[in-house]
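Architecture and fold: a report
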Amino acid sequence: MIGLIGGTGTKSILDNYDTIETKTIDTKYGKSLEISIIEVESKKVAYMPRHSKGHSVPPHKINYRANIEALDMLGVNKVFATNAVGSLDTNIKPGDILIADNFIDFTHGRNNTFFDEEVVHIDATKPFCDDLRSNLTSSGDVHPYGVYISTQGPRFETKAEIDFYRLIGGKVVGMTLTPEVILAREKQMCYASVCVISNYAASISPTKLTISEVSEAMDEASERLINLIASAIKKTDTDYVCECQSILDDAII
Ligand code: HPA
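Residues numbered from 1 in each chain as written. Predicted model: local features only at pLDDT ≥ 70, side-chain atom pairs only at ≥ 80, totals over all residues. Heavy atoms only, no water.

**Considerations on the overall build of the protein**
Just so we agree on the cut-off: The helix count covers DSSP runs of H or I at least four residues long, the strand count covers runs of E at least two residues long, and both are numbered beginning at the N terminus. Atoms considered for the radius of gyration are the C-alpha atoms alone. The globule rule reads 2.2 Å times the number of residues to the power 0.38. Under the scheme applied here, a residue whose accessible area is under 20% of the maximum for its type counts as buried, over 50% as exposed, and between as partly exposed, the area being computed with a 1.4 Å probe on protein chains only. Whether two residues are in contact is decided by their heavy atoms: any pair within 4.5 Å suffices. In this description, accessible areas are obtained by the Shrake-Rupley approach with a 1.4 Å probe, and a residue is regarded as covered only by the protein chains that are shown. Positive charges are assigned to Lys and Arg, negative charges to Asp and Glu, while His and the chain termini are left out of the count. By convention, charge coordinates are those of NZ in Lys, CZ in Arg, CG in Asp, or CD in Glu.
From N to C terminus, the protein includes 6 helices and 10 strands. A globule of 253 residues ought to have a C-alpha radius of gyration of about 18 Å, and the protein, at 17 Å, matches this closely. Its C-alpha atoms put the protein at 45 × 45 × 35 Å along the principal axes. A burial count over the protein gives 52% of its 253 residues as buried. Considering only residue pairs separated by 6 or more positions, the protein has 81% of its internal contacts joining residues 24 or more positions apart. As presented, the protein carries roughly 11,700 Å² of accessible surface, and 48% of it is formed by carbon and sulfur atoms. Here the protein contributes 25 positively and 35 negatively charged side chains, and the mean placements of these two sets differ by 3 Å.

Laid out in structure tokens, this is it:
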């Protein structure tokens, strides 16, 4: 089954589709996770609100392991995730959509693996699924590449941090991609991130960054986001096996 992880400002995705069923899942990492089964382009899709019901959990407190474990328990093998991000590049504007092709992780203190008892080192050279990425990049007017800088939050960045992130090649900055993408990879799922630009990152924007600016840009982009994801879902064959399904071969000592 296809999974869809909805981030900040993406409740409209859920509102756009009829919910066939709501599942409450208990995992060994966390209990009572609500997942809505919706139908998109005649396919069943498991919609998970990343921040839990009512957007109640901040990025650094999200139980990423429970979220991914629950999707795995439902048989999800292909995941589209949405991430609200700030732009580090004036050519990438609020309201634009970027399909990230790599990341640099500055988060800390998050449970970032399912393998605490075994020695497992998965390859993360190209952390996103090529097949899902191409289903997205061929489905709409998007920036097809860009490095996602993953920050701990919950505060926004300083000017010096943004200068540094630009210097090291970052295109967008956000707080929710890691460890989610890596946990999905450890479950041998295909995973792609749809980054919705909600603002210019701090100091690139001439004005102080506000959360209402973030919400407004997300609302404005919502129709394009829904169309893009629906079109990518239509192209996604859950039976198609790619390299993501054999990531654990050669990873376990
Ligand atoms: N920085 C970090 N996370 C974000 C931003 C930002 O500017 N916008 C949305 N999420």
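The structure having been displayed, the exposition proceeds.
**Regarding the nonpolar core**
Short version of the rule: For the purposes of this section, nonpolar cores are sets of buried Ala, Val, Leu, Ile, Met, Phe, Trp, Tyr and Cys residues that join through side-chain atoms within 4.5 Å.
With 41 residues, the main nonpolar core has Ile35, Leu71, Tyr148 and Tyr191 as its most contacted residues. Elements that contribute at least two residues to this core include exactly strand E3 (33-40), strand E4 (43-49), helix H2 (64-73), strand E5 (78-87), helix H5 (180-186) and strand E10 (190-200). Broken down by element, the residue count for this core peaks at 5 residues, all from H2.

**Some points on the site of the ligand**
We apply this condition: If a single non-hydrogen atom of a residue is within 4 Å of a molecule or strand, that residue counts as near it. Any pair of N or O atoms that falls within 3.5 Å is considered a polar contact. Within protein, one atom must be able to donate a hydrogen and the other to accept it, and sequence-neighbouring residues count only if both atoms are side-chain atoms.
All residues adjacent to the ligand are Ala84, Val85, Gly86, Phe156, Glu157, Val173, Gly174, Met175, Ser198, Asn199 and Leu209. One of the side-chain nitrogen or oxygen atoms of asparagine 199 is found 2.8 Å away from a nitrogen atom of the ligand. For the ligand, whose free accessible area comes to 260 Å², the fraction covered by protein is 94%. Those elements that provide at least two residues to the shell around the ligand are E5, strand E9 (170-174) and E10. In terms of residue count, E5 provides more of the shell around the ligand than any other element does, 3 residues in total.

**Description of the pattern of salt bridges**
When their charged atoms lie close together, side chains carrying opposite charge are able to pair. This is how it is decided: Take a side-chain nitrogen of Lys or Arg and a carboxyl oxygen of Asp or Glu: if they are within 4 Å of each other, that pair is a salt bridge.
Counted according to the given criterion, the structure contains 11 salt bridges. Notably, a salt bridge pairs aspartate 116 with arginine 65, separated by 3.1 Å at the nearest N-O pair. Placement of the pair is aspartate 116 in the loop between strand E7 (102-105) and helix H3 (130-137) and arginine 65 in helix H2, with a sequence separation of 51 residues. Among the residues examined, arginine 65 registers a relative accessible area of 12% and is labelled buried. One salt bridge in this structure joins aspartate 163 and lysine 159, with 2.8 Å as the shortest N-O distance. Here the residue aspartate 163 and the residue lysine 159 both occupy positions in helix H4 (residues 159-167), the gap between them amounting to 4 residues, near one helical turn. When salt bridges that share partners are traced, they join Glu69, Asp72 and Lys187 into one network.

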